[in-house]
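One letter stands for each residue in the lines below.
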Amino acid sequence: MPNTPPPDFASLSLAEIARLAEEHRLPPVESWNPQHCGDSEMRIARDGSWYHQGGLIGRAAMVRLFSTILRREPDGRFVLVTPVEKLDIAVEDAPFVAIELKAEGEGAAMRLAFRLNTGDMVVAGPDHPLRVEHREDGPHPYLAVRGGLDALVARSVYYELAQLALAEEGAAPGIWSQGVFFPLEPAA
């Protein structure tokens, strides 16, 4: 249920996190194509805060609920969609923020799980790759969540990833999760 408070991430094993992520049922937003379109007057700030008409949405349950009906359109726009309406929503960077990391294993056997600001949990791997975009203001790490929706990896979590990468022996700094290597530096 989207309105159920998220479990305590730190107390969960990676197997429990993977099970919970698999069980998390989302509405079939990809199959909804309503005719009515408009503007939600909502915005998701770079830090993951949600706003409506300029005011902060302070109820976590509301943010969790809205996040379940968020979709990325083929043209790159973000929308909130139900069976009867589709409303644009402004997103400053990524719609989610990965705020907590849990790692198990070493090397190619490592698995990384992330808790998002919405309480959702995602295990990085083939279906949820990590990538780092390098810009003038530094690295911008992202985790693919679903359907073209990404989570910006919070700076503190990125530093944890960097520490894990530095602990690994290898030519290029990077991190493994579910048998996939994710480089943290741009290719030379």
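Parameters at a glance
- Residues numbered from 1 in each chain as written.
- Predicted model: local features only at pLDDT ≥ 70, side-chain atom pairs only at ≥ 80, totals over all residues.
- Heavy atoms only, no water.
- Helix = DSSP H or I, 4+ residues; strand = E, 2+ residues; numbered from the N terminus.
- Buried < 20%, exposed > 50% of the residue type's maximum accessible area, 1.4 Å probe, protein only.
- Polar contact = N/O pair within 3.5 Å; in protein donor to acceptor, adjacent residues only side chain to side chain.
- Contact = heavy atoms within 4.5 Å.
- Core = buried A, V, L, I, M, F, W, Y, C linked by side-chain atoms within 4.5 Å.
- Pairing = 2+ DSSP bridges.
- Axes fitted to C-alpha atoms, helices over the stretch in contact; angles between N-to-C directions.
- pLDDT = per-residue confidence, 0-100.
- Phe/Tyr/Trp six-rings, centres within 6.5 Å; stacked < 30°, edge-to-face > 60°.
- Lys NZ or Arg CZ within 6 Å of the ring centre and 35° of its normal.

A. Structural view of the side chain of Glu73. Tracing the backbone through its elements, the reader meets Glu73 in the loop between strand E4 (70-72) and strand E5 (78-81). With relative accessibility at 9%, the residue Glu73 sits in the buried group. A distance of 3.1 Å separates a polar atom in the side chain of Glu73 from a polar atom in the side chain of Lys86. Apart from residues no more than four positions distant in its own chain, Glu73 is found in contact with Val79 and Lys86.

B. Highlighting the nonpolar core. Trp50, Leu70, Leu112, Phe114 and Leu130 are the most contacted members of the largest nonpolar core, which has 39 residues in total. Once you skip the residues sitting within four places of it in the chain, Leu70 turns out to touch Val29, Ile44, Trp50, Phe78, Val79, Leu80, Ile89, Pro95, Phe96, Arg146 and Leu149.

C. Examining the environment of Ile175 more closely. Within the fold, Ile175 resides in strand E13 (residues 174-177). Here Ile175 falls in the buried class, since its relative accessible area comes to 0%. With 67 residues separating them along the chain, Ile175 and Ala108 place their C-alpha atoms 8.5 Å apart. Those residues within four positions of Ile175 in sequence are excluded, and the remaining contacts are Met110, Leu112, Leu130, Leu161, Leu164, Ala165, Val180, Phe181 and Phe182.

D. Layout of the sheet that holds strand E9 (residues 121-123). If you walk across this open sheet you meet the 6 strands as E9-E8-E7-E12-E11-E10, and the pairing is mixed. The outermost strands of the open sheet, each flanked by one partner alone, are E9 and strand E10 (130-135). The sheet shows a mean angle of 40 degrees between the axes of neighbouring strands, direction not considered. Two strands pair when backbone bridges link them, and E10 and strand E11 (residues 138-146) are joined in this way by 6 bridges, in the antiparallel orientation. The residue bridging Leu130 from the neighbouring strand is Leu143, located in E11. Its contacts with the sheet place helix H3 (residues 155-167) against strand E7 (96-104), strand E8 (111-116), E10, E11 and strand E12 (149-153), and it is angled at close to 30 degrees to E7.

E. Structural context of the confidence of the model for the chain. In this model, the chain carries a mean pLDDT of 86, and residues with pLDDT of at least 70 account for 84%. Counted against residues more than four places away or in other chains, residues 1-5, with its pLDDT under 50, gives 8 contacts.

F. Quick peek at the packing of aromatic side chains. Considering all chains together, one arrives at 3 aromatic pairs under this definition. With centroids separated by 6.5 Å and ring planes inclined at 40 degrees, the aromatic side chains of Tyr158 and Tyr159 adopt a geometry described as tilted. You can call Tyr158 buried: its relative accessible area is 9%. Here the basic side chain of Arg43 rests over the ring of Tyr51, its NZ or CZ set 4.3 Å away from the ring centre.

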